[in-house]
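# Residue-level structure breakdown
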Amino acid sequence: MTRLALEQVACFRGGRLLFEDLGLALEPGEGLLVTGANGVGKTSLLRIAAGLLAPAAGRVVRDGAIALSAEAAALDEDRSLFAALSFWARLDGRDDEAVALAMAAIGLAGLAEVPVRLLSTGQRRRATLARVIASGAGIWLLDEPASGLDAGALGELSAAMAGHLAGGGVILAASHQPLGIAMRELAL
Amino acid sequence: MNSFLALVRRDLGHAFAHGGAWLPLIFYLLVATLFPFAIGPDAALLGKVGGGALWTAALLAALLPVERLVRPDILSGVMDQLAIRGQSDEGIAAAKLVAHWLSFGPLLMLATVPAAALLNLDGATLMRLEIGLLLGTPGLAALGLAVAALTASLRGTGALIGLIMLPLAVPLLIFGASPGAGALKLLAATSLLFVAGAPFVAGAALRAGRS
């Protein structure tokens with residue numbers, strides 16, 4: 001059963017207390033949109049939830065695998081998009097079909113053989129989302145998933161998120177833009 | 001184990017895709033070519049100092065790829081993505097160590113054959129050099145990886161990497177370039193120590209770099 005919970009979490013970065021006593025619990029099928037001005041700690045919150053950053057206080061409970069879409073694409077520039085994505089899919093124990101389906105779901109179907117270095121900003125963002133979709137992970141952590149996306153891609157992202165929630169997944173997203181899907185909001 | 005092999009294959013492909021893997025090899029051969037010009041055409045002298053010269057060249061050649069070992073993967077987010085998949089930092093470092101050695105160790109050993117001819121080394125010296133490189137280059141790779149991880153959060157570390165790594169490589173150089181079976185055993189022991197320690201040093205550095 002997929003679940004993500006933060007209990008009394010505090011984050012201390014660069015000599016500043018970004019937030020403290022923050023608690024949230026996401027049960028299967030639940031999503032949460034974190035909003036707030038630049039620099040309030042949205043990305044830090046996601047990194048804490050992902051286990052990449054240790055909270056200054058409190059604890060994080062994760063039941064299920066994690067998929068993270070962040071600013072850094074983590075795709076090898078000189079490989080084709082499909083090869084770069086399938087490297088991660090194999091680590092996640094997924095086959096090439098899962099990659100192809102994910103690419104189609106986010107509008108990258110025609111770009112499989114294009115080298116990653118030639119992709120535009122929006123296409124890169126789509127590629128990181130394709131990796132999340134292909135991962136089969138229960139917990140999706142999305143950092144500004146809509147940045148750089150056109151209207152069509154935003155619709156495809158909303159559909160993918162709705163499908164994930166309907167399938168019992170959990171989503172924690174941080175975004176300045178509306179994601180086109182009804183989710184609880186948390187203002188940092 | 002499967003993910004370990006996938007990581008090794010990815011790093012190895014990366015090293016050769018950029019053409020960067022050929023740089024240490026070319027550098028090494030270039031030094032072997034330049035050395036006789038500097039020393040002069042005294043065949044006996046060249047044969048005598050050639051082995052040590054090639055060891056120094058190998059050491060300096062091993063510095064070249066170090067800057068690209070870890071930092072690009074941290075900047076591109078690859079390390080984060082590996083970490084959230086539950087890959088241990090030590091495991092990632094060990095895979096990088098294997099891939100790094102494969103990308104320059106065997107090539108240097110291969111290049112030693114023409115390099116030995118350029119320096120007029122006899123067969124016994126060449127054999128001794130090849131065995132020494134086989135034992136010593138894993139230690140050089142381990143040092144390179146540890147230093148790469150330790151300096152990964154800094155910019156423009158080319159010179160710094162040399163300053164940190166070269167003093168630590170002195171034992172490898174001494175035991176690699178001196179004759180006798182005893183020196184080879186000490187070379188193997190030093191190399192083993194570096195190879196065994198590097199994944200833990202690099203792993204701790206990667207972890208510390210994330211916070």
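It should be noted that the structure appears before, not after, this text.
Residues numbered from 1 in each chain as written. Chains lettered and ligands numbered in written order. Predicted model: local features only at pLDDT ≥ 70, side-chain atom pairs only at ≥ 80, totals over all residues.

### Concerning the environment of Arg85 of chain B
- Relative to the helices and strands, Arg85 of chain B is located in the loop between α5 (78–84) and α6 (89–118).
- The class of Arg85 of chain B is partly exposed, set by 18 C-beta atoms lying within 10 Å.
- If sequence neighbours within four positions are ignored, Arg85 of chain B has contacts with Leu91 and Asp92 of chain A. (Helix = DSSP H or I, 4+ residues; strand = E, 2+ residues; numbered from the N terminus. Buried ≥ 20, exposed ≤ 12 C-beta atoms within 10 Å, placed from the backbone. Contact = placed C-beta atoms within 7 Å.)

### Observations regarding the sheet that holds strand β6 (residues 139–143) of chain A
Residues and elements named next belong to chain A.
- Spatially, the 5 strands line up as an open sheet ordered β5-β6-β7-β3-β8, and their pairing is parallel. The open sheet has two edge strands, β5 (66–69) and β8 (184–187), and neither has a second partner. Strand-to-strand twist in this sheet, taken as the mean axis angle between neighbours without regard to direction, amounts to 15°.
- Running over the sheet, helix α4 (residues 121–135) touches β5 and β6 and is turned about 170° from β5. (Pairing = 2+ DSSP bridges. Axes fitted to C-alpha atoms, helices over the stretch in contact; angles between N-to-C directions.)

### So, the nonpolar core
- If you look at the biggest cluster of nonpolar residues, it comprises 121 residues, and the most contacted ones within it are Leu85, Ile106, Ala130 and Leu141 of chain A together with Ala58, Leu145 and Ala149 of chain B.
- Apart from residues lying up to four places away in sequence, Ala149 of chain B is in contact with Val70, Ala93, Ala202, Ala205 and Leu206 of chain B. (Core = buried A, V, L, I, M, F, W, Y, C linked by C-beta atoms within 7 Å.)

### Things to note about helix α2 (residues 81–91) of chain A
- When you tally the buried positions in α2 of chain A, you get 8 out of 11 residues, the bulk of the element.
- Inspection of α2 of chain A places Leu81, Phe82, Ala84, Leu85, Ser86, Phe87, Trp88 and Ala89 of chain A among the buried residues, and these make up the whole buried set.
- Elements in contact with the buried residues of α2 of chain A: α3 (96–105) and α4 of chain A together with α1 (2–17) and α5 of chain B.
- Where α2 of chain A ends, the next residue or the one after it, Gly93 of chain A, has phi of about 75°, a positive value.

### With respect to the packing of helix α3 (residues 43–63) of chain B against helix α9 (residues 170–177) of chain B
Residues and elements named next belong to chain B.
- Where α3 contacts α9, the two axes come as close as 9 Å, and the packing angle between them is 150°. Classified by the angle their axes make, α3 and α9 are roughly antiparallel. Handedness of the α3/α9 crossing: right-handed. Here α3 contributes Gly51, Gly52, Trp55, Thr56 and Leu59 to the contact with α9, which in turn contributes Leu173, Gly176 and Ala177.
- Considering only residue class, the contact of α3 with α9 consists of 4 nonpolar, 4 polar and no charged. (Parallel < 35°, antiparallel > 145°, perpendicular 65-115°, else oblique. Left-handed = near helix turned anticlockwise from the far one by under 90°. Nonpolar A, V, L, I, M, F, W, Y, C, P; charged D, E, K, R; others polar.)

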